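Notes for the structure review
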Amino acid sequence: MELSDVTMSFIEQLILRREKIYHHFAQKEGAVQLPLLIDASDRILICLPEEPKMVFVTGEIINEYQSYFAAFSLQFCAPLEIADKIPETTKCIYYDNKTFSLLHKFPEALEKTLRATRYKMAIDTNRNFSLAAALVCRATQAPIRISFSKPNATSFFNLILSVQMDSGSYQELIQKFNRQIQALIQTGRKNERINRQKGR
């Protein structure tokens, strides 16, 4: 079935508006210093996946992070659309995806909530680019903001990790992603210990 000229015009306007919103917020991010220096007392914000195909594994993703980063204080963040997939015991900040499609200004209430806590790291678990998740991570003002390698990521994140997307599941992809982050943290701690010993 062919789309009418009116429908096509509407779709083109939506795409153009989204592009304008993206360019309004986009800015080139400088690279973060490696390896990562992060302590157990530091807080980490994790943006959960928005993609419909990934939402059904939200509980498993939360468990993955609680396992991989058990030593840290975690705060999850997710769109309102998947609130029913989040366990009641999980600390989660919610945002309305529609707000980011309509406004050129970051929601003040959400910004206030995010900046009430000092985050050392913000992680976007979306495999594809999400403007909302990217803006949430930036709004934390975390010095370390991590994302998968994907279009537009360098405009919002300062550490882009390239993970091989093979035939494995999304959970396996997240595990590889998290192992890379863990390795950078462990290397940072090891180097810090060495530097301390040298300074004695």
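Residues numbered from 1 in each chain as written. Predicted model: local features only at pLDDT ≥ 70, side-chain atom pairs only at ≥ 80, totals over all residues. Heavy atoms only, no water.

1. Regarding the overall build of the protein
Secondary structure summary: the protein contains seven helices and six strands in total. Put simply, the protein runs from its N terminus to its C terminus through helices and strands in the order α-β-α-α-β-β-α-α-β-α-β-β-α. Here the analysis covers contacts within the protein between residues at least 6 apart in sequence; of these, 65% occur between residues at least 24 apart. For the protein, the computed accessible surface area is about 11500 Å², with 51% contributed by carbon and sulfur atoms. (Helix = DSSP H or I, 4+ residues; strand = E, 2+ residues; numbered from the N terminus. Contact = heavy atoms within 4.5 Å. Areas by Shrake-Rupley, 256 points an atom, 1.4 Å probe, with all protein chains shown as cover.)

2. Details of the nonpolar core
The biggest cluster of nonpolar side chains holds 35 residues, and the ones touching the most others in it are Tyr-65, Met-121 and Ile-146. Elements with a minimum of two residues in this core: β1 (43-47), α2 (52-55), α3 (58-68), β2 (73-79), β4 (119-124), β5 (144-148), β6 (159-161) and α7 (170-198). With seven residues, the top contributor of residues to this core is α7. Non-local contacts of Ile-146, meaning those with residues more than four positions away in its chain, are made with Leu-36, Met-121, Ala-122, Ile-123, Asp-124, Phe-157, Leu-159, Leu-161, Phe-177 and Ile-181. (Core = buried A, V, L, I, M, F, W, Y, C linked by side-chain atoms within 4.5 Å. Buried < 20%, exposed > 50% of the residue type's maximum accessible area, 1.4 Å probe, protein only.)

3. Observations concerning the sheet that holds β4
Across a sheet, strands are paired by hydrogen bonds formed along the backbone, either parallel or antiparallel in direction. In spatial order, the strands read β3-β2-β1-β4-β5-β6; together these six strands make up an open sheet with parallel pairing. Two strands close off the open sheet at either side, each with one partner strand: β3 (92-95) and β6. Recorded for the sheet is a direction-independent mean angle of 20° between the axes of neighbouring strands. In terms of strand pairing, β1 meets β4 through five bridges, oriented parallel. (Pairing = 2+ DSSP bridges. Axes fitted to C-alpha atoms, helices over the stretch in contact; angles between N-to-C directions.)

4. Some words on the confidence of the model for the protein
Looking at the protein as a whole, the pLDDT averages 79, with 78% of positions reaching at least 70. Confidence drops under pLDDT 50 across residues 1-8; counting only partners more than four residues distant or on other chains, this segment forms two contacts. Confidence over residues 10-19 falls short of pLDDT 50; this stretch has five contacts with residues more than four positions distant or in other chains. (pLDDT = per-residue confidence, 0-100.)

5. A closer look at the pattern of salt bridges
Counted according to the given criterion, the structure contains four salt bridges. With a closest N to O distance of 3.4 Å, Asp-84 and Lys-85 form a salt bridge. With a relative accessible area of 38%, Lys-85 lands in the partly exposed category. Across the pair Arg-115 and Glu-111 runs a salt bridge, and its minimum N-O distance is 3.3 Å. A residue pair is termed a helical-turn pair when its members lie 3 or 4 positions apart in one helix, as Arg-115 and Glu-111 do in helix α5 (residues 108-115) at four residues. Of the residues examined, Glu-111 reaches a relative accessible area of 24% and is grouped as partly exposed. (Salt bridge = Lys/Arg side-chain N within 4 Å of Asp/Glu carboxyl O.)

6. Regarding the side chain of Arg-43
Relative to the assigned elements, Arg-43 resides in strand β1. The side chain of Arg-43 is buried and forms no salt bridge, while Asp-42, the nearest opposite charge, is found at 9.3 Å. Looking at Arg-43, its side chain comes within polar contact range of the side chain of Ser-73, at 2.7 Å. Ignoring sequence-local partners within four residues, the contact set of Arg-43 consists of Ser-73, Gln-75, Lys-91, Thr-117, Arg-118, Tyr-119, Lys-120 and Met-121. (Lys, Arg positive; Asp, Glu negative; His and termini not counted. Polar contact = N/O pair within 3.5 Å; in protein donor to acceptor, adjacent residues only side chain to side chain.)

7. Focus on the pairing of β5
Most of β5 sits out of view: five of its five residues are buried. Judged by which residues are buried, β5 turns out to be covered on both faces: Ile-144, Ile-146 and Phe-148 on one side and Arg-145 and Ser-147 on the other are all buried. Of the pairings in the sheet, the one linking β4 to β5 comprises three bridges and is parallel in character. Looking at the pairing, Ile-123 lines up with Ile-146 of β5.

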